[in-house]
Amino acid sequence: MGRRDPSHLVVGHLNKPHGIHGEFYVWPLTDHPERAFAPGVVLLLGEQDADEPDPDLPPLRVAASRPFQRGFLIQFGGVDDRNQAEALRGRYLFQAMEDIAPLAEGEVFYHQLLDMEVVTVDGREVGKVAEVFDMGPTDLLEVRGPRGVVMVPYRPEIVVEVDVEDGRLTVDPPDGLLDLQGESDDA
């Protein structure tokens, strides 16, 4: 595939300052927040739709981290009060690819799924993965093809094979799944 692996991945969102000592409520955007937010880890800052961190923003080193509600409370070194924290609010936390733990057998990064060809087990072309939506227990793949758009649940009983090398994803859809298609933007 001609797709270039990114140098960084988004691992969290600086949701809002918590308290008066610069602590942040962070929304995790990684399957392994205990590693991404461990004390000593250096994270970089960027904007929502950026592919990589903003080089003009300072790196942040995790000083302390603890689970809180559905996210984490994180203290970053050098961010000591609410005003400093407020200036960073809303930014995204990036981690360098080389610092991210290797994938387990059968795991893939979301960015690897984008633009993959989607075919059924009997060889019918469905389209290409246009977007991946993190929907809690089951992620959804937006697949755009010649007959329109279909949302495919990323579940092992439906997505039966992911071939990163060939850029192909094989699905075994339940009856009716591929019939529920909307209009494609380029139809």
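Right above here is the structure, for reference.
Calculation rules
- Residues numbered from 1 in each chain as written.
- Predicted model: local features only at pLDDT ≥ 70, side-chain atom pairs only at ≥ 80, totals over all residues.
- Heavy atoms only, no water.
- Pairing = 2+ DSSP bridges.
- Helix = DSSP H or I, 4+ residues; strand = E, 2+ residues; numbered from the N terminus.
- Axes fitted to C-alpha atoms, helices over the stretch in contact; angles between N-to-C directions.
- Phe/Tyr/Trp six-rings, centres within 6.5 Å; stacked < 30°, edge-to-face > 60°.
- Salt bridge = Lys/Arg side-chain N within 4 Å of Asp/Glu carboxyl O.
- Buried < 20%, exposed > 50% of the residue type's maximum accessible area, 1.4 Å probe, protein only.
- Polar contact = N/O pair within 3.5 Å; in protein donor to acceptor, adjacent residues only side chain to side chain.
- Contact = heavy atoms within 4.5 Å.

Draft legend 1. Spatial organisation of the pairing of strand β4 (residues 60-68). Pairing between strand β3 (residues 42-46) and β4: two bridges, direction antiparallel. Bridging from a neighbouring strand, Leu43 pairs with Leu60 of β4. Taken together, the six bridges between β4 and strand β5 (residues 71-76) define a ladder with antiparallel strand orientation. Pairing of Arg66 across the sheet is with Leu73, part of β5.

Draft legend 2. Region of interest: the sheet that holds β4. The six strands are arranged β1-β2-β5-β4-β3-β6 in a closed barrel whose pairing can be described as antiparallel. Across the sheet, the mean angle from the axis of one strand to that of its neighbour is 50°, orientation sign disregarded. One ladder, built from five bridges, connects strand β1 (residues 8-18) with strand β6 (residues 92-96); its direction is antiparallel. Bridged to Leu9 within β6 is Gln95.

Draft legend 3. A look at the packing of aromatic side chains. This model, assessed by the stated rule, comprises two aromatic pairs. For the pair Tyr25 and Phe68, a centre-to-centre distance of 6.0 Å together with 80° between the ring planes defines the contact as edge-to-face. Linking Tyr25 in strand β2 (residues 23-28) with Phe68 in strand β4, this pair joins segments that are 43 residues apart in sequence.

Draft legend 4. Structural detail: the pattern of salt bridges. Enumeration over the complete set of coordinates arrives at seven salt bridges. Its salt-bridge partner being Asp122, residue Arg124 comes within 3.7 Å of it at the nearest N-O pair. One salt bridge connects Arg155 with Glu157, and the closest N-O pair in it is separated by 2.7 Å.

Draft legend 5. Examining the environment of Val42 more closely. Within the element layout of this structure, Val42 appears in strand β3. Relative accessible area serves as the criterion here: at 35%, Val42 is assigned to the partly exposed category. Along the sequence, Val42 and Asp99 sit 57 residues apart, while their C-alpha atoms lie 9.2 Å from each other.

Draft legend 6. Summary view of the pairing of β3. Sheet topology note: the β3/β6 ladder contains three bridges and is antiparallel. Bridge pairing in β6 links Leu45 to Leu93.

Draft legend 7. Region of interest: the side chain of His13. Structurally, His13 can be placed in strand β1. A distance of 3.3 Å separates a polar side-chain atom of His13 from the backbone oxygen of Gly90. When residues no more than four places from it in sequence are discounted, the contact partners of His13 are Tyr25, Val26, Trp27, Leu29, Gly90, Arg91 and Tyr92.

Draft legend 8. Representation of unusual backbone geometry. Positive phi values are uncommon outside glycine, yet Gln69 reaches one of about 50°. Looking at where Gln69 falls in the secondary structure, it is placed in the loop between β4 and β5. Residue Gln69 is classed as exposed on the basis of its relative accessible area, which comes to 67%. Backbone geometry at Asp115 places phi at a positive 70°, although glycine is not the residue there.

Draft legend 9. Here's a closer look at the sheet that holds strand β9 (residues 140-145). Strand order across the open sheet formed by six strands is β10-β9-β8-β7-β12-β11, with mixed pairing between neighbours. Looking along the sheet, the strands with just one partner apiece sit at the ends: β10 (148-153) and β11 (159-163). Recorded for the sheet is a direction-independent mean angle of 30° between the axes of neighbouring strands. Here strand β8 (residues 125-133) pairs with β9 via five bridges, running antiparallel. Each residue of the ladder has a partner; that of Lys128, found in β9, is Arg144.

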